[in-house]
Amino acid sequence: MAGRVTSPCVGLCSTTVGDRVCRGCQRLDGEIRDWPALTGEERERRMVALDALRAAVAGRHLEVVDTEALETQLQRHGIRFRAEQPPLSRAVELLRVGRGRIRDLSRYGLAPRQPLDAAALHERISAELMAAAETRRHAAVPLS
């Protein structure tokens, strides 16, 4: 990952309303506050760790069966993603944005592991991501 490391922010920062863990990016409030002061290497490590967390959680609930279809749909709907972002991490963003509109997950290159629709998958994945982030917060373990 060369060059500028972007922020993991997805424009849904719940720390502004008092949450200690952001519901959008799963970073702790201190991580969000300190992000601008981090070195590029520190930011990169945190992005990789966050992607790994999202991929691990999402992988329990769905599989990416067609990465090209997923990327096409992300582009079609204007959902930001990074070239180095793992497909399952990308799928988390797709479900966050499109959970109420996606009817056929296979058109998006996704296959649920249980017979759930996009909204139910998003709800489960989000709950598990928040639980993992809260566990990190209580343990005071940084992403890197």
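Here the structure is a predicted model, which is why all the values come from computation and not from measurement.

The rules behind the values
Residues numbered from 1 in each chain as written. Predicted model: local features only at pLDDT ≥ 70, side-chain atom pairs only at ≥ 80, totals over all residues. Heavy atoms only, no water. Helix = DSSP H or I, 4+ residues; strand = E, 2+ residues; numbered from the N terminus. Buried < 20%, exposed > 50% of the residue type's maximum accessible area, 1.4 Å probe, protein only. Contact = heavy atoms within 4.5 Å. Areas by Shrake-Rupley, 256 points an atom, 1.4 Å probe, with all protein chains shown as cover. Axes fitted to C-alpha atoms, helices over the stretch in contact; angles between N-to-C directions. Parallel < 35°, antiparallel > 145°, perpendicular 65-115°, else oblique. Left-handed = near helix turned anticlockwise from the far one by under 90°.

## Quick notes on the overall build of the chain
1) Next: A tally of regular secondary structure across the chain gives five helices and two strands.
2) Next: When its helices and strands are written in sequence order, the chain yields α-α-β-α-α-β-α.
3) Next: Considering the chain as a whole, with its 144 residues, one finds that 44% of them fall into the buried category.
4) Next: In the chain, 62% of the contacts between residues at least 6 apart in sequence involve partners at least 24 apart.
5) Next: Counting only carbon and sulfur atoms, one obtains 52% of the accessible surface of the chain, whose full area is about 7800 Å².

## Details of the packing of helix α4 (residues 87–98) against helix α5 (residues 118–139)
1) Next: In the contact formed by α4 and α5, the axes pass within 9 Å of each other and the chain directions differ by 120°. With respect to α5, the axis of α4 lies oblique. Seen from above, α4 lies across α5 with left-handed handedness. Across the interface between the two elements, Val 92, Leu 95 and Arg 96 of α4 pack against Ala 118, Leu 121, His 122, Ile 125 and Leu 129 of α5.

## Considerations on the environment of Leu 53
1) Next: Of note, Leu 53 is situated in helix α2 (residues 40–59).
2) Next: Spatially, the C-alpha atoms of Leu 53 and Leu 88 are 9.9 Å apart, while their sequence positions differ by 35 residues.
3) Next: Each residue touching Leu 53, except ones within four places of it in the same chain, is listed here: Leu 129 and Ala 132.

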